[in-house]
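Now for the letters of each chain:
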Amino acid sequence: MNRVTFRITASILYLISLLPFPVLYFFSDILYIFLYYIVKYRRKVVLNNLLNSFPEKSRSEIEQIEKRFYRYLADLMLESVKTISISANEIKKRFVFKNLDNMKTYLQNGRSIIAVSGHYGNWEWGPVAIGLELREKVLVVYKPLSDKRFEELMISMRSRFGSIMVPMKQTLRKVFEYRNEPSVLVLVGDQTPTFEESQYITNFLNQQTAVFLGVEKIALKLKNPIVYFSINRIKRGYYECVIKSLIDNPEQTKDHEITEAHTRELEKNIRFQPEYWLWSHKRWKFSPENLKND
């Protein structure tokens, strides 16, 4: 995208972000119709993912989940845009943390933390909101975008309230910069590994699934306790993030115990309210059988 087009797009997004939530959700209802019925955005991907994940459900049940997902996807898109200008008070009201003491106890004892979540609920607001709740540094790992102008916009959105954005490949280097003070490292645990990185396969949502081992590798390297961010949607535009202590001493775990722990937490969230996971993501890109034969 050239500079002029980007500036126009960024200006439009900023103006949209200024809309009050009721107006924003009015446009979200229109966006849902556009995504689901008109452009049919990744409809085949979503349907196949749902059918394979829930073989016990009827076709009508799957179609209902599919429609609820697209309604939520439209909300999520516009809520993400709202991050550009949302106030600190507004996001604290709309994204509430429960069991925050589970984190503060570690930090007060001088221990840094690894916080894991997935592409579930409003994962965009979580890294933004946590920066308002803690005095310690919050490092949020992200996958760089191909368009560097949009990457800069994304970084400015997510770091508005103090969180520090860290490119995925610079994670350990950035963490060691803050090794002399307690900090929180936020990771998304359901990224799809490349074929070469697919070193571990587990049963996830009734399918043999290659799981990225990044969380486990970093945890073993740093020896920091791990907590899980379980994001629940209370109602439209309101979320509750329940913080659960997952692993206290990573160095005492067995191989893949950490990976299984955060994968099972995400699976529980998805099974409880499946429409809030990112079903349009091509999570199962290749056959695990091919990996086993290598």
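To be clear, the structure that these remarks concern was listed above.
What you are looking at is a predicted structure, and each value in this text was computed from that prediction instead of being measured.

A short note on the overall build of the protein
Across its full length, the protein holds 12 helices and nine strands. The globule rule puts the C-alpha radius of gyration for 294 residues at 19 Å, and the 19 Å found for the protein is close to it. Seen through its C-alpha atoms, the protein measures out along the principal axes to roughly 50 × 45 × 40 Å. The buried share among the 294 residues of the protein stands at 50%. In the protein, 80% of the contacts between residues at least 6 apart in sequence involve partners at least 24 apart. Here the protein has roughly 14800 Å² of accessible surface; of this, 52% comes from carbon and sulfur atoms. Taking the average location of the 44 positive side-chain charges in the protein and that of its 32 negative ones, the two points are 5 Å from each other.

Here we look at the pattern of salt bridges
Tallied over the entire structure, the rule returns 18 salt bridges. Of the charged contacts in the structure, one is a salt bridge between Glu90 and Arg94, with a shortest N-O distance of 2.5 Å. Of this pair, Glu90 and Arg94 both sit in helix H5 (residues 88-94), four residues apart, roughly one helical turn. The partner of Asp248 in a salt bridge is Arg111, and the shortest N-O contact between them spans 3.7 Å. Here Arg111 lies in the loop between helix H6 (101-108) and strand E2 (113-117) and Asp248 lies in the loop between strand E9 (238-247) and helix H11 (257-272), a separation of 137 residues in the sequence. Its relative accessible area of 36% is what places Asp248 among the partly exposed residues. Assessed through its relative accessible area of 26%, Arg111 is described here as partly exposed. Among the ionic contacts, a cluster of salt bridges with common partners joins Asp29, Asp75, Arg233 and Arg236.

What counts, and at which threshold
Residues numbered from 1 in each chain as written. Predicted model: local features only at pLDDT ≥ 70, side-chain atom pairs only at ≥ 80, totals over all residues. Heavy atoms only, no water. Helix = DSSP H or I, 4+ residues; strand = E, 2+ residues; numbered from the N terminus. Rg over C-alpha atoms; globule rule 2.2 N^0.38 Å. Buried < 20%, exposed > 50% of the residue type's maximum accessible area, 1.4 Å probe, protein only. Contact = heavy atoms within 4.5 Å. Areas by Shrake-Rupley, 256 points an atom, 1.4 Å probe, with all protein chains shown as cover. Lys, Arg positive; Asp, Glu negative; His and termini not counted. Charge placed at Lys NZ, Arg CZ, Asp CG, Glu CD. Salt bridge = Lys/Arg side-chain N within 4 Å of Asp/Glu carboxyl O.

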